[in-house]
Amino acid sequence: MTSFLDHLSIYSRNSGRMRLCAVMRTFLKSRSRCGAWDRLLQKQSRASICSHVHSFNEANIREKLQAFPGGSIDLLKQDSGIAVLTINNPSRMNALSGSMMLDLEEKVTQLENWTDGKGLIVCGAAETFCSGSDLSAVRAISNTQDGMMMCMFMQNTLTRLLRLPLISVALVEGKALGGGAEFITACDFRLMAPDSVIQFVHKHMGLVPGWGGAARLVRIVGAQKALQLLAGALKVNPTLGLQIGLVDEVLKDLHTDMAVGTTLKQAEQWLSNYVKGPVPVIQAVKKVVLSGRELPLSEALRTEMSVFGTVWGGPANLQALANKSKHK
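As a starting point, this report considers the structure included with it. (Residues numbered from 1 in each chain as written. Predicted model: local features only at pLDDT ≥ 70, side-chain atom pairs only at ≥ 80, totals over all residues. Heavy atoms only, no water.)

## Re the overall build of the chain
- Helices and strands together make up the secondary structure of the chain, namely 16 helices and nine strands.
- In the chain, buried positions account for 48% of the 328 residues.
- Sequence separation of at least 24 residues holds for 71% of the intrachain contacts in the chain that already meet a minimum separation of 6. (Helix = DSSP H or I, 4+ residues; strand = E, 2+ residues; numbered from the N terminus. Buried < 20%, exposed > 50% of the residue type's maximum accessible area, 1.4 Å probe, protein only. Contact = heavy atoms within 4.5 Å.)

## As for the side chain of T157
- Note that T157 resides in helix α8 (residues 144-162).
- Using a relative accessible area of 1% as the deciding quantity, one classes T157 as buried.
- Beyond its immediate sequence surroundings of up to four residues, T157 is in contact with L104, E105 and V108.

## Focus: the sheet that holds strand β5 (residues 175-177)
- Taken together, the three strands give an open sheet; going across it, the order is β5-β7-β8, and neighbouring strands pair in mixed fashion. Taken across any chain shown, the strands that pair with only one partner, and hence form the sheet edges, are β5 and β8 (235-236).
- Where β5 and strand β7 (residues 197-199) come together, three bridges link them in parallel fashion. From the neighbouring strand, A176 faces β7, where its bridge partner is I198. (Pairing = 2+ DSSP bridges.)

## A short note on the sheet that holds strand β3 (residues 119-124)
- As summarised here, the arrangement of the six strands in space is β1-β2-β3-β4-β6-β9, forming an open sheet in which the pairing is mixed. With partners counted over all chains shown, the strands left at the sheet margins are β1 (72-77) and β9 (249-250), one partner each.

## Overview of the pairing of strand β2 (residues 82-88)
- Where burial is concerned, most of β2 is hidden: six out of the seven residues are buried.
- As judged from the six bridges shared by β1 and β2, these two strands associate in the antiparallel manner. Residue pairing for β2: L75 is matched across the bridge by L85.
- Hairpin connection from β1 to β2: four residues lie between these consecutive antiparallel strands, with G81 at a positive phi of about 90°.
- The pairing of β2 with β3 spans six bridges and is parallel.

## Brief notes about the pattern of salt bridges
- Within this structure, the stated rule accounts for 13 salt bridges.
- Here R302 and E299 are joined by a salt bridge, their closest N and O atoms 3.7 Å apart. Remark: E299 and R302 occur in helix α15 (residues 297-311); sequence separation between them is three residues, near one turn of the helix.
- The exposure class assigned to R302 is partly exposed, which follows from its relative accessible area of 40%.
- Residue classification places E299 among the buried positions, given a relative accessible area of 5%. (Salt bridge = Lys/Arg side-chain N within 4 Å of Asp/Glu carboxyl O.)

## Focus on a nonpolar patch on the surface
- Among the surface-exposed residues, L135, M205 and L207 lie close enough to one another that they form a single nonpolar patch of about 300 Å² accessible area.
- With respect to the element layout, L207 can be found in the loop between β7 and α10 (213-221). (Patch = residues over 30% accessible without salt bridge, like charges linked within 9 Å, V, L, I, M, F, W, Y side chains within 5 Å. Areas by Shrake-Rupley, 256 points an atom, 1.4 Å probe, with all protein chains shown as cover.)

So this is what it looks like as structure tokens:
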């Protein structure tokens, strides 16, 4: 019987390739064990958004996004099992052009298929993270229909990023603004360099988050703090980030301690604490946390048992038993 994780992978991969509501209906008719998850999707499929997305055409939005080139999304997969995804458009503070949005989706697909991966660091080039979407592309697709299609495309891509079987961390240097602030919520953890800033500036643009950043932010910091950050467009420095739980650690200042290494090296060292061990075990850890985050308790418990069965009696488990390493 197809598991929740199989369905989740299929949904994540294909939701950008067919109409959203049709995907939901097909999913609901499938013979999965995830009844509560099915009911949740039924509720979503009845939501008013379906009346706006029935005409979603992936080829159309791809063509529109491709018309606005510039910058790149660079991916380096390392033998350590940690990959580095770099948002690279320094002349525009690493704003995402249309072609970069397409490039990001392609890199996420590569990571979904990376069987040796355990961790992911998302960072920006030239010591800044990302200033959101490139305004030249935004102005050109400012009508509601195109805006909704771009929104759906980026929601899907960032959801897939968060659902990767890799432990991910956003390395924030410089500024993470607007869509850049939404981007960091699609990672499991967030690190900030000294003097960096996170700011959900959407209100100043007459907007709200549309790439899933608001929903993810609520899950990270809670509804009240999220409301303050969005309604106040507050500038989050490292101290405030730690205080509200948006940030997991502040990196050391390179200017005062040259021995600590680059911010990227610090991020790799930080992440290495959580990706030590065999690939199947690290990926299994991410999967059970993912199911706990996205499923009702009863279904999360079933999924956890299923994932447990993939590692019980496996090489890592047998080796640990032989070494009597439980309490090490």
